[in-house]
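# Fold and geometry: a report
Residues per chain, in single letters:
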Amino acid sequence: MWTVRQIDPMAGYPELPELPELPEVQRAEPRRTWKLGRSARLDITPIRTSRDLRLLFIGGGISFAGSMLTFVAIPYQAYQLTHSSLIVGLLSLAELVALLLTGFLGGALADAFDRRRLLRVSETGLLIGSLILVVNAALGHSQLWVLFVISFLLAALDGIQSPALNSFVPRLVSPDQLPATSALMSLRSQVGMIAAPALSGVLISVSGLRTAYGIDAATYAFSLIMLSRLGAAPPPEAGSEVSLRAVLGGLRYAVSRKDLLGSYLVDINAMFFGFPNALYPQLAARLGGPSVLGLLYAAPAVGSAAVTLTSGWTALVRRRGRMIAVGAVVWGLGIIALGFSYAAWLAVLALAVAGAGDMLSGLGRTTMWNESIPDVVRGRMAGVELLSYSSGPTLGNVESGLVETFAGLRTAVVSGGILCVFGCALVSLALPAFWRYNATEGRRLREADPAGGDALENAGGADAPDDAAPARPDD
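Quick look at the structure, then.

Cut-offs and rules
- Residues numbered from 1 in each chain as written.
- Predicted model: local features only at pLDDT ≥ 70, side-chain atom pairs only at ≥ 80, totals over all residues.
- Heavy atoms only, no water.
- Helix = DSSP H or I, 4+ residues; strand = E, 2+ residues; numbered from the N terminus.
- Buried < 20%, exposed > 50% of the residue type's maximum accessible area, 1.4 Å probe, protein only.
- Areas by Shrake-Rupley, 256 points an atom, 1.4 Å probe, with all protein chains shown as cover.
- Phe/Tyr/Trp six-rings, centres within 6.5 Å; stacked < 30°, edge-to-face > 60°.
- Contact = heavy atoms within 4.5 Å.
- Arc of directions from axis to C-beta.
- Expected span 1.5 Å × (residues − 1).
- Disulfide = S-S within 2.5 Å.
- Axes fitted to C-alpha atoms, helices over the stretch in contact; angles between N-to-C directions.
- Parallel < 35°, antiparallel > 145°, perpendicular 65-115°, else oblique.
- Left-handed = near helix turned anticlockwise from the far one by under 90°.
- Nonpolar A, V, L, I, M, F, W, Y, C, P; charged D, E, K, R; others polar.

## A look at the overall build of the protein
- Looking only at helices and strands, the protein has 18 helices and 0 strands in total.
- Within the span of the protein, comprising 475 residues, buried residues form 51% of the whole.
- Here the protein displays about 22900 Å² of accessible surface, and carbon together with sulfur accounts for 66% of that area.

## A closer look at the packing of aromatic side chains
- For the structure shown, the criterion picks out 2 aromatic pairs.
- Ring geometry for Tyr264 against Trp369: centres 5.8 Å apart, planes inclined by 45°, an arrangement best described as tilted. One end of the pair, Tyr264, is in helix α10 (residues 258-273); the other, Trp369, is in helix α14 (residues 344-372), and 105 residues separate them in sequence. Each member of the pair Tyr264 and Trp369 is classed as buried.

## Some details on the side chain of Asp267
- As for its position among the elements, Asp267 is in helix α10.
- Once you skip the residues sitting within four places of it in the chain, Asp267 turns out to touch Arg365, Ser388 and Tyr389.

## Side note on helix α11 (residues 280-287)
- For α11, the set of buried residues is Tyr280, Leu283, Ala284 and Leu287. Here the buried residues of α11 occupy an arc of 100° about the axis, which is enough to place them on one side. Relative to its buried face, α11 has exposed residues pointing more than 90 degrees away, namely Ala285 and Arg286.
- Gly288 sits one or two positions beyond α11 and adopts a positive phi of about 150°.

## Details of helix α15 (residues 375-407)
- Counted at 1.5 Å a residue, the expected span for α15 with its 33 residues is 48 Å, and the 47 Å between its end C-alpha atoms agrees.
- Following α15 by one or two positions, Gly408 has its phi on the positive side, about 100°.

## A few points about the environment of Asn397
- Within the secondary structure, Asn397 sits in helix α15.
- Given a relative accessible area of 25%, Asn397 falls into the partly exposed group.
- Note: C-alpha distance between Asn397 and Ala278 (119 residues apart in sequence) is 5.2 Å.
- Not counting residues up to four positions away in its chain, the partners in contact with Asn397 are Phe275, Pro276, Asn277 and Ala278.

## Points about the side chain of Asn136
- Tracing the chain through its elements places Asn136 in helix α5 (residues 115-138).
- Here Asn136 falls in the buried class, since its relative accessible area comes to 3%.
- Setting aside anything within four residues of it in sequence, one finds Asn136 in contact with Gln77, Ser142, Gln143, Val146 and Leu147.

## Here we look at the state of the cysteines
- Scanning the entire structure with this criterion turns up 0 disulfides.
- Cys420 carries a free sulfur, and the closest cysteine sulfur to it, the one in Cys424, is 4.4 Å from it.

## Comments concerning the packing of helix α3 (residues 51-82) against helix α8 (residues 209-228)
- Axis separation between α3 and α8 bottoms out at 8 Å; the angle between their running directions is 160°. Judged by the inter-axis angle, α3 sits roughly antiparallel to α8. Handedness of the α3/α8 crossing: left-handed.
- Taken together, the residues that form the contact of α3 with α8 break down as 16 nonpolar, 9 polar and 1 charged.

Put into structure tokens, the structure is as follows:
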């Protein structure tokens, strides 16, 4: 039988026992839906909403197109002076040595000094280098040693500038705009890679080398005007010193993050085994002659541009590691198809597919790096990234040339594509943190310590746990 207990209001209410604290319930992020019309287009929101990114996009795009003129003109001039392909190859080697020397230094500088100032100083150096090339081309007898010195200088300045630029961009947009920003910056490069080399050939044949170098110098001057209007970009409050210790600290952090390590290794593997650019002249000779050679060089960039122009959907991909690996596998499959191509159109199609895969992988890498690396080490990581994607193609040309010498053209191309695919699979299996990486955990890694105070403290090198970026269920 129920009874009602009467409480004397003057006596007060009895004390209630304390309830245990319940864990906070985290609501799952809403599932993103795919809308074909909206997702299959380039998202230009970042350059509409960020003034500084817009300045970088315009100024950097113009100067990159100019630098591509010089990219073609220097090897052409070296060959005209020496009639030696070996000399042309040694120019590339000089550039790689310069990058190896300054890439890590540039990363440390970007974490210790105003990144805008670094951009302006390096851009001024690039302008001076282009002006020296103009003078050398105007001489009655151009000097080969000048080409080597300036090639080394330009590559060294790129090693200083690229980490500052790549670590500056994530500051200019919100985290949800990073995938679109990566696509836009990639598109800026692709336009220059497709249009400028063809224009360079016309300029050299009609107006001479001085015109090509002069236009490059003018584009650097324009870029300097854009850079002068940028807002300040001071180093992080917990910025590092420029020292060997700071560089090694950045390397330890890179090794401790197995997801980042996987992104570097997948790219190096794909470019080392599956980058047959050195074989294009021989391949073009079999497929139709010099007219085919230009198509082979342009085809990957066309495939990359196609992915970039329809890249809105990549913002919906949460598993960046898988996106990187799948894109690299597509690159390898395209290279395998190139080896079996019996007609020029098939070779161009195969390279376009390979380029599309490379861009898919590149968008995943850039977004992963920008969204997950604390700002205090972002510059040094950009230096590591520069070396990872610059060394692979140079070494890949050497690898493909050696295999062709001993095993023939088709074997060199096809074996490289096969090793690329198997290498991607092995990296994904060996580094499960890379395969499981997702955007949500990546942002938490960056936001948990935005100043980076613990980023280097906890960089334990080889002893770091393999699950540095623990995965969560897919959204």
